[in-house]
Amino acid sequence: MMKLVNRQQSLKSTSSPAAPELSRYAWKVLVVDDENDVRAITRLNLRDFQFAGFGLQIIEASSAAQAQQLLDSHRDIALMLVDVVMETDDAGLKLVKYIRETQGNLLSRIIIRTGQPGIAPERYVIDNFDIDGYVCKTDLTVQRLYTTVRSAIKSYRDLKSIDLNRTGLKTVIEQTPEIYRMGKSSLTHFFGGILSQIVALCHLNENSYMSTIDGMIVTFEGEQISVHSGTGEFSEHEKNTPRIKELTKACVDLVVHNKVTGKLRQGALVLPLKMDEKAVGFVYLETSHELTEADRNLIEIFTSQCSSTFESLKLHLDLTNSYRQAIDMLAEVAEFKDSDTGGHINRLAAYTLRVAMEVGIPKAEAEAYAQAARLHDVGKVGIPDSIIQKPGKLTTDEYDMMKLHTDIGARILSQVEGMEHAKDVALNHHERWDGKGYPNGKRGDDISLLTRIVSLVDVFDALVSKRSYKPAWRPEDAKDHLRNNAGEHFDPQVVDAFIRLYERGGIDDLVMAVEHRGE
């Protein structure tokens, strides 16, 4: 039976889970004493000890030195019973300093046990060492040992729970913006990041006895239901199984209508993803053991944060899509105006992307460069057809008119928010590295890297393409032209990057596309 949990509007099973395999986990107790009999009696007296359903794993060390070695491989010890006098009169106290100061272990509980209180007086030890108890071995009856161990382990459990929640909340704070960044590249990365972090939250505790976590993230819009990410049984290759279809329908009914209409596994957790207070998806989790309340709290907080992030991301993606549609529309206008350059626009975007990545620009930014490159000649819509489509060489007056397309393009794009890159390219793609270009005679680094790249690939593609006023150049001749004009027309570093791409075949498909189309 499922019910709504109001705190974070998450949903979980109220059925009694199957009994866990308790033997898979035990509280670790380190007994450090150089007397074999003391260690044996301690082990015997604690043999039936249990707390919170779990027994003890006794780890023994006969010296402080041996204890240090064990501590390096056991970072999850709940309690340490430490003798003072071992290889030296203060070996146990030095071990306490090592644990607290060198290892930085502030969670494990430490009880000092001594048979020689005169060597290490109780008040001195309590005042100067970070310990949780001091007992004389002669006073340590079976009952007092039980009480001491139980109190210490309970304290460890509570401190560990607080620490895990602190760590978990820190993870939530750190990972939410990171997942948003991932989502800017694709929703697949966004949902995959959410699921990965939920699994990580469940496994924060190194003592966790959960062996597996299966889960999936699903969104729905009308009748369209999409499984975006899955782990375990719900991994990529298992998305269309009958069970997933049945679970998905049951979860949709649960998060949308708060009705149970199908079978959900015992101990399952269903958490809605919301936009504007409306459920648009859910996270579904199954574990081999029922999640603790702390686990659920962290997952609920994280999922709530991701719901808000998803809403922001969806808006970002909608705006990005609108931006790309605007670019596509303007590019089509430019192609319609100058039919000779239709394929040129698309190739120019591909050239720009590859050269930008070759000079070290991250892929996401390089893709933005490529989109902007498609609008480099949008200003030609303001140039008369008689000039645009003239088969011969332009007169001086006609050329001066043609040069106005850079200013026209910049003015057009300045009316559209978010077109800064495209405006820069439209205005400056005829500027030259040596300052002899137009419209403003910019030179060197005063021209943006994006525009320097577009300027070069624009010339290369124009050279290897057939035009009404010229034949196509051989690609090798066009490449040599770029090299010969490095430092004059073109940025030398961009030329080097382009030639590296060319010589390893990184643009062969684009060159072949020109030859195939006969442009």
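Okay, so let's go over this structure. Keep in mind it's a predicted model, so treat the numbers as computed, not measured.

## Thoughts on the overall build of the protein chain
Piece 1. Looking only at helices and strands, the protein chain has 18 helices and 11 strands in total.
Piece 2. Buried residues in the protein chain amount to 47% of all 519 residues.
Piece 3. Partitioning the intrachain contacts of the protein chain with sequence separation of at least 6 by distance along the chain shows that 64% fall at a separation of at least 24.
Piece 4. For the protein chain, the computed accessible surface area is about 25,700 Å², with 50% contributed by carbon and sulfur atoms.

## Things to note about the side chain of D377
Piece 1. Secondary-structure assignment places D377 in the loop between α10 (363-373) and α11 (385-388).
Piece 2. Within the structure, D377 has its side chain in polar contact with the side chain of H429 (distance 3.1 Å).

## Looking at the pattern of salt bridges
Piece 1. The tally for this structure, following the rule as stated, stands at 28 salt bridges.
Piece 2. One salt bridge in this structure joins D90 and K94, with 3.9 Å as the shortest N-O distance.
Piece 3. Residue D90 is classed as partly exposed on the basis of its relative accessible area, which comes to 31%.
Piece 4. A salt bridge links R452 to D491, with the nearest nitrogen and oxygen atoms 2.8 Å apart. Of the two residues, R452 sits in helix α15 (residues 449-464) while D491 sits in the loop between α16 (475-484) and α17 (492-503), which places them 39 residues apart along the sequence. Summarising the burial analysis for this pair, R452 and D491 share the class buried.
Piece 5. Residues participating in the shared-partner salt-bridge network are E476, K479, D480, R483 and E503.

## As for the environment of R296
Piece 1. Assignment of secondary structure puts R296 in helix α8 (residues 293-337).
Piece 2. C-alpha of R296 to C-alpha of L271: the two residues are 25 residues apart in sequence and 10.0 Å apart in space.

## Side note on the sheet that holds strand β3 (residues 27-32)
Piece 1. Strands sit in the order β4-β3-β5-β6-β7 across an open sheet of five strands; the sheet is parallel. The open sheet has two edge strands with one neighbour each: β4 (56-61) and β7 (133-136). Along the sheet, successive strands turn relative to each other by an average axial angle of 20°, direction set aside.
Piece 2. Lying over the sheet, helix α1 (residues 36-45) contacts β3, β4, β5 (77-83) and β6 (109-114), oriented at roughly 180° with respect to β4.

## Regarding the side chain of R113
Piece 1. Within the fold, R113 resides in strand β6.
Piece 2. Within polar-contact distance, the side chain of R113 engages the side chain of T42 at 3.1 Å.
Piece 3. The contacts of R113, once residues within four sequence positions are left out, are V31, D33, V38, T42, L81, V82, D83, V84, V135, K137, L140 and L145.

Quick notes on the rules
- Residues numbered from 1 in each chain as written.
- Predicted model: local features only at pLDDT ≥ 70, side-chain atom pairs only at ≥ 80, totals over all residues.
- Heavy atoms only, no water.
- Helix = DSSP H or I, 4+ residues; strand = E, 2+ residues; numbered from the N terminus.
- Buried < 20%, exposed > 50% of the residue type's maximum accessible area, 1.4 Å probe, protein only.
- Contact = heavy atoms within 4.5 Å.
- Areas by Shrake-Rupley, 256 points an atom, 1.4 Å probe, with all protein chains shown as cover.
- Polar contact = N/O pair within 3.5 Å; in protein donor to acceptor, adjacent residues only side chain to side chain.
- Salt bridge = Lys/Arg side-chain N within 4 Å of Asp/Glu carboxyl O.
- Pairing = 2+ DSSP bridges.
- Axes fitted to C-alpha atoms, helices over the stretch in contact; angles between N-to-C directions.

Keep in mind these numbers describe shape, not what the thing actually does.
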